[in-house]
Structures are given as C-alpha cells and as structure tokens.
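Spelled out from the first residue to the last, the chains are:
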Amino acid sequence: ELEFLEDRKRMSKKVQAIYLWWHKPVIDQELLQSLPNLKVIANSGVGMDHLDLKLVASFGVKMANAPRAVSSSTADTGMALLLASARRLVEGNILILLWLLKIIQDLPTIINLTFSTVIWIIGMGSIGYKIALRAKAFEMNILKEQEEQAVGTTYCEKIDGLLQRADFVMVVVSLTPQTHKLIGKREMELMKPTATLINISRGAVVDQEALVTALQTGVIRAAALDVTHPEPLPRDHTLLKLKNVIITPHLGIKTDKATYMITEEAVENILAALNGLPIPSEVLPS
Ligand SMILES: O=CC(=O)O
C-alpha cells in the first residue's frame, strides 16, 4: 500500500517504510513517535546529513541510502566541474563573443590535466572511488595516501602535506560534525596558488567566507562548486560575482535516469528491511 504525502501530519499510523524524497518529509522526534510501525527510512541520495541518524536508530528504525544509483552521476558532475574550471569553459563561452567581435585578441591560458597534475580526493567512499577512476583515465596523478582514508581523528595530521601537493582538491566527504568547515582559511593557505577547489559534497564542508577571501586574494586559483551553504546562495553573495568560480545548482545526481535508478535502489532497501533481510545500503549511526 503506497501513500504520497505532502503533509506529514496526515501520515497514517500503519506506515512501515518512508521513502525520503529530497529530504522530505522532515523526520523528527514527533513524527517518529507518531509512527509505531515504522521499520525503515530509505533516502533518495547518498548524503544523510539532513537526518539525525542516532535519533532514528533509537526508535529501532533502519536507514538506507542509494550509493549505487548516485555514485557515477556525482563523480561525473565532479569531473565536469574540474574540466570546466581547468579549461575555462564557462568563461570561454562568454569570451567567444568578444573574440569574434575582435574586442579581445589574447585568450586565457587553460590548465593541463596530464603531465604530473595531482588530484586529491577528500573522501574515498563510493563517489571518491569513481572520481579516482575518471581522474586516472585523464592521466592525472592520484595521491597514494588516499588509501589511508583519513577522515576522523587522524585527519589533521595528514591533511597538510596533501593540500600542499594537490593541483585539484575534490571535496566528496559526507557532512558530519567532524567535516564541518573541514576546508577553512588555514587549509586554503596551504594549497598551491595555482590549485582549484572543487566541492560536490555539501557546502558546509568548506568555510565559504574563507573561500571568498582566498579567491579574491589569489590564495588559490579557482573554485568549482555544485554545493553551497545555503542553497541557493542569496542573490548578492560575493561567490556569485567572482570570475574564478563556477557554481551549479546541486546538479550532482539530477540526471535523466537518476529518479528511476534511485527509486529502484530505495525499493530494494525497503523490501529487504520489511522482510527482515540484510539491507543492501544500510546506513548506521556513527
Ligand atoms: O546530494 C546528493 C546526495 O546526497 O546524493
């Protein structure tokens, strides 16, 4: 039996599974208390930062996300941003007019990806792994230390050297209290002045104030962001005005096939939970 609900207050007590469609409905204590039969919440994406995992688990409710459906799409978006920034595609699309009108003669230099260009992928989960595959295909160098997978307490000791060596820093890590503003002023100052920061995780993983300053003062070359904090940014936000930034509206997984694939994965997770089987993409509270 399926119910499509806009108004969470109308949710029947019989509900056993919720498919969270782009963070809706909001799951809080009140809702969980009102659903005594709830067994599983399946999320329509990979990031679970909108859910209080511990709270949900304390009600004996299982949770699942959809990494199979979203990893490749998100990795493609990350690479598209990397390429667009390196090859100045967005700027080039504007410059073509000035060039054909002979207003400009000299075109800007674009950045090479091959020949010892180094990418550091922060967050070697299912998306990070797919980015690594793509970066390899572009003959980029992936930092060996990646495998050490350092998010957590050992992170601070490791992060500095990697930031200093990377030409492209791709942020893919989940947003948690530990990764909030993980990339701040200090981290950006460690980066090469020629480096590019790409964020496809969550806006709050990067300190946006510090990013604005870093981009304005040449601390780093450029940024390419599919995520910001908040989304969308207010109209007068400086990030929207800087020439060395590309921003897309959280397009990460919004492909033509995504809705189908994500829903299919969510249904698999829900059916497994309802039948008491192992949930393929179960997410546990950390
Ligand atoms: O943002 C997209 C996701 O969390 O999968």
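As annotated in an unreviewed UniProt entry, the protein carries the name Glyoxylate reductase/hydroxypyruvate reductase and comes from Aquila chrysaetos chrysaetos.

*Asks:* What is the right way to look at the overall build of the protein in this model?
*Replies:* A count of helical and extended segments in the protein gives 9 helices and 9 strands. Computed over its C-alpha atoms, the radius of gyration of the protein comes to 21 Å, within 12% of the 19 Å expected for a compact globule of 286 residues. With respect to the principal axes defined by its C-alpha atoms, the protein has extents near 70 × 45 × 35 Å. Buried residues in the protein amount to 44% of all 286 residues. For the protein, restricting intrachain contacts to residue pairs at least 6 apart in sequence, the fraction spanning at least 24 positions comes to 63%. Of the roughly 15800 Å² of accessible surface on the protein, 57% is carried by carbon and sulfur atoms. In the protein, 30 positive and 30 negative side-chain charges are present, and the distance between their average locations comes to 2 Å.

*Asks:* What am I meant to see in the domain arrangement of the protein here?
*Replies:* Many analyses report the size of an interface as the accessible area lost when the parts associate. Assigned domains of the protein: these are domain 1 (1–69 + 255–283) and domain 2 (70–247). Computed over C-alpha atoms only, the centres of domain 1 and domain 2 are separated by 31 Å. Here domain 1 and domain 2 share 1 salt bridge between them. Linking Asp49 and Arg202 is a salt bridge whose minimum nitrogen-to-oxygen distance equals 2.9 Å. The element that contributes the greatest number of residues to the side of domain 1 that touches domain 2 is helix H3 (residues 67–86), accounting for 3 residues. For the side of domain 1 that touches domain 2, a count of residues per class yields 5 nonpolar, 4 polar and 2 charged.

*Asks:* Where do I start with the site of the ligand in this structure?
*Replies:* Neighbouring the ligand are the residues Gly45, Val46, Gly47, Arg202, His250 and Ile253. The separation between an oxygen atom of the ligand and a polar main-chain atom of Val46 is 2.6 Å. One nitrogen or oxygen atom from the main chain of Gly47 is found 2.7 Å from an oxygen atom belonging to the ligand. Across the complex, the protein chains shield 90% of the 190 Å² of accessible surface that the ligand would expose by itself. Here the residues of the shell around the ligand are counted per class, giving 2 nonpolar, 3 polar and 1 charged.

*Asks:* Honestly, the packing of aromatic side chains in this entry has me stumped. Any pointers?
*Replies:* The relation between two aromatic rings is expressed through the spacing of the ring centres and the mutual angle of the planes. Considering all chains together, one arrives at 2 aromatic pairs under this definition. Through a chain of ring-to-ring contacts, three or more aromatic side chains come together here, namely Tyr19, Trp21 and Trp22. Against the face of Trp22 rests Lys254, its NZ or CZ located 5.1 Å from the ring centre.

*Asks:* What exactly am I supposed to notice about helix H8 (residues 208–216) here?
*Replies:* Because the α-helix completes a turn every 3.6 residues, residues three or four places apart line up on one side. Turning to H8, its buried residues number three or more, namely Gln208, Ala210, Leu211, Val212, Ala214 and Leu215. Summarising the contacts, the buried residues of H8 are in contact with helix H7 (185–190), strand E7 (196–199), strand E8 (222–225) and strand E9 (245–247). Between the side-chain oxygen at the start of H8 and the backbone nitrogen of Glu209 there is a gap of 3.2 Å, and the oxygen is on Asp207. One or two positions beyond H8, positive phi appears at Gly218, with a value near 75 degrees.

*Asks:* Is there a simple way to think about the pairing of E7 in this case?
*Replies:* The alternating pattern of E7 places Thr196 and Ile198 and Leu197 and Asn199 on opposite faces, both of which are buried. As paired elements, strand E6 (residues 168–171) and E7 share 4 bridges and run parallel to each other. Across the sheet, Val171 pairs through a bridge with Asn199, a residue of E7. Handedness of the β-α-β unit built from E6, H7 and E7 comes out right-handed. When E7 meets E8, the two strands line up parallel, connected through 4 bridges.

*Asks:* I would appreciate a short explanation of the pattern of salt bridges in the present structure.
*Replies:* Close approach of charged atoms lets side chains of opposite charge pair. Overall, the coordinates contain 9 salt bridges when judged by the stated rule. The shortest N-O distance in the salt bridge between Glu268 and Arg68 comes to 3.1 Å. Pair noted here: Glu268 is in helix H9 (residues 258–274) and Arg68 is in helix H3, with a separation of 200 residues, a long-range link. Several salt bridges converge on common partners, so that one network encompasses Asp160, Arg186 and Glu187.

What counts, and at which threshold
Residues numbered from 1 in each chain as written. Predicted model: local features only at pLDDT ≥ 70, side-chain atom pairs only at ≥ 80, totals over all residues. Heavy atoms only, no water. Helix = DSSP H or I, 4+ residues; strand = E, 2+ residues; numbered from the N terminus. Rg over C-alpha atoms; globule rule 2.2 N^0.38 Å. Buried < 20%, exposed > 50% of the residue type's maximum accessible area, 1.4 Å probe, protein only. Contact = heavy atoms within 4.5 Å. Areas by Shrake-Rupley, 256 points an atom, 1.4 Å probe, with all protein chains shown as cover. Lys, Arg positive; Asp, Glu negative; His and termini not counted. Charge placed at Lys NZ, Arg CZ, Asp CG, Glu CD. Domains from an automatic or database assignment. Salt bridge = Lys/Arg side-chain N within 4 Å of Asp/Glu carboxyl O. Nonpolar A, V, L, I, M, F, W, Y, C, P; charged D, E, K, R; others polar. Near = heavy atom within 4 Å. Polar contact = N/O pair within 3.5 Å; in protein donor to acceptor, adjacent residues only side chain to side chain. Phe/Tyr/Trp six-rings, centres within 6.5 Å; stacked < 30°, edge-to-face > 60°. Lys NZ or Arg CZ within 6 Å of the ring centre and 35° of its normal. Pairing = 2+ DSSP bridges. Right-handed = clockwise from strand over helix to strand, strands pointing away.

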